[in-house]
Amino acid sequence: QTKVGRYLRPARSDEEAASPAPWGGEGAGPFAIEFDYSYGAVLEQHQHSLQRMGTHRIDSLVIHDIEGSGIRGPGVVDSGKSVDEHLDELFHPEFGGFKALQTLRRSGAISAFGAGINGGSEDPATRAWNREYCLRLANATGPNDRPIDFFLLAEGFTLLNHYFFEDGILDLCLERGIGIVVGGPQNSGLLAKADPNMEYAHAYPAPADRLEKAKLL
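Positions within a chain are numbered from 1, following the residues in the order the chain's sequence is written. Selection of residues for local features in this predicted model requires a pLDDT of at least 70, selection of side-chain atom pairs for listing and counting requires 80 or more, and totals for whole chains, interfaces and linings are taken over all residues. With hydrogens and water stripped out, all remaining heavy atoms of the structure feed into the side-chain values.

**Student:** Where do I start with helix α2 (residues 39–53) in this structure?
**Tutor:** Structurally, the α-helix is built with 3.6 residues per turn, so residues lying three or four positions apart point the same way. To qualify as a helix, a DSSP run of H or I must reach at least 4 residues; to qualify as a strand, a run of E must reach at least 2; elements of each kind are numbered from the N terminus. Here, expected helix span is obtained from the residue count minus one, scaled by 1.5 Å. With 15 residues, α2 extends 22 Å between its outermost C-alpha atoms, agreeing within 8% with the 21 Å of an ideal straight helix rising 1.5 Å per residue. Buried residues of α2: A41, V42, Q45, H46, S49 and L50, and no others. Positive backbone phi, at 65°, marks G54, one or two positions downstream of α2. Relative accessibility decides the category of a residue: with a 1.4 Å probe and only protein chains considered, values under 20% of the type maximum give buried, values over 50% give exposed, and everything between is partly exposed.

Laid out in structure tokens, this is it:
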């Protein structure tokens, strides 16, 4: 499985090369991240992933890094586009990345594709955005087309958080036949060890109310 929506491109300066590359891991090389969800970009990102991984086939692709908050991490050189512009890129009827993913699946180049949704936030606006994004993804195919295959639901379907259930996203998946991949089941570590020094949903230290709930579990 690999991600689409982002390019790893050679850094343009020593400073950029020295910046931490979020989601790329240690030793990711002197690359910066750029985002592009258009048809041609997704096809090219798929080919780049095959080359980097040294394989002839990738089973599934995941639309990643479209966030309602629009927040990007350090080391990311964004295109300057808004979240809405990225969504327009993804869902464009002729030149969108969603159509490219359907093309790859139809051709047999991949078996499935999904989308990553971050659900660790209690913020009502973020949760409402996640719900609308999932609905838009679920509705992006016609009545006779196979829907998106799965949602990678991170941080919001755990022993601590039931946000995806409470907000109707699990019901949507059941209704539409969309699979679920549970991401971040330990809430960044707090469920592995209820300790104030552990992270929660990538926040450090863990919020007091989440820590107390983890201790009760």
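**Student:** Just to check I follow, could you spell out unusual backbone geometry for this structure?
**Tutor:** Leave glycine aside and you will find that most residues have negative phi; peptide bonds, for their part, are mostly trans. Positioned with a positive phi, D65 is a non-glycine residue whose angle comes to about 75°. Turning to its location among the elements, D65 is positioned in the loop between β4 (60–63) and α3 (83–91). Residue E155 is not a glycine yet carries a positive backbone phi of 75°. One can find E155 in the loop between β6 (150–154) and α6 (163–166). The exposure class assigned to E155 is buried, which follows from its relative accessible area of 7%.

**Student:** Can you walk me through the side chain of R105 in this structure?
**Tutor:** Structurally, the position occupied by R105 is in helix α4 (residues 97–107). Overall, the relative accessible area of 11% leaves R105 in the buried class. The criterion used for residue contact is that any of the two residues' heavy atoms lie within 4.5 Å. Residues in contact with R105, not counting those within four places in the same chain, are I110, S111, A112, F113, R146, P147, I148 and D149.

**Student:** Teacher, can you tell me more about the nonpolar core here?
**Tutor:** Soluble globular proteins: nonpolar side chains tend toward being buried together. By convention a nonpolar core is built from buried Ala, Val, Leu, Ile, Met, Phe, Trp, Tyr and Cys residues, the set being connected through side-chain atoms within 4.5 Å. I63, L90, Y133, L137 and F151 are the most contacted members of the largest nonpolar core, which totals 34 residues. Setting aside residues up to four positions removed in sequence, L137 forms contacts with I63, L90, F91, F98, A115, I117, I148 and F151.

**Student:** Is there a simple way to think about the pairing of β6 in this case?
**Tutor:** Remark: a regular strand shows side chains that alternate across the two faces of the sheet. By the criterion of burial, β6 is predominantly enclosed, with five of the five residues buried. With burial as the criterion, each face of β6 is covered, one bearing F150, L152 and A154 and the other bearing F151 and L153. Being paired, for any two strands, means DSSP has found at least two bridges between them. As paired strands, strand β5 (residues 112–118) and β6 are joined by five bridges and run parallel to one another. Residue pairing across strands places I117 opposite L153, the latter belonging to β6. Where β6 meets strand β7 (residues 179–183), five bridges bridge the pair, whose relative direction is parallel. Paired with L153 across the bridge in β7 is V182.

**Student:** Explain the packing of helix α5 (residues 124–138) against helix α7 (residues 169–176) here, please?
**Tutor:** The geometry of a pair of packed helices is captured by two quantities: the angle between their axes and the separation between those axes. Axis definition: a line fitted to C-alpha atoms, limited for helices to the stretch in contact. Angles are taken between N-to-C directions and run from 0 to 180 degrees. At a minimum axis separation of 10 Å, α5 and α7 run at an interaxial angle of 10°. Taken as axis vectors, α5 and α7 run roughly parallel relative to one another. Judged by residue contacts, N130, R131, C134, L135 and A138 of α5 engage I169, L172 and R176 from α7. Residues are grouped as follows: nonpolar covers Ala, Val, Leu, Ile, Met, Phe, Trp, Tyr, Cys and Pro; charged covers Asp, Glu, Lys and Arg; every other residue, Gly included, is treated as polar. Classifying every residue of the contact of α5 with α7 by side-chain character gives five nonpolar, one polar and two charged. Should an angle fall under 35 degrees it is called roughly parallel, over 145 degrees roughly antiparallel, and 65 to 115 degrees roughly perpendicular, with every other angle called oblique.

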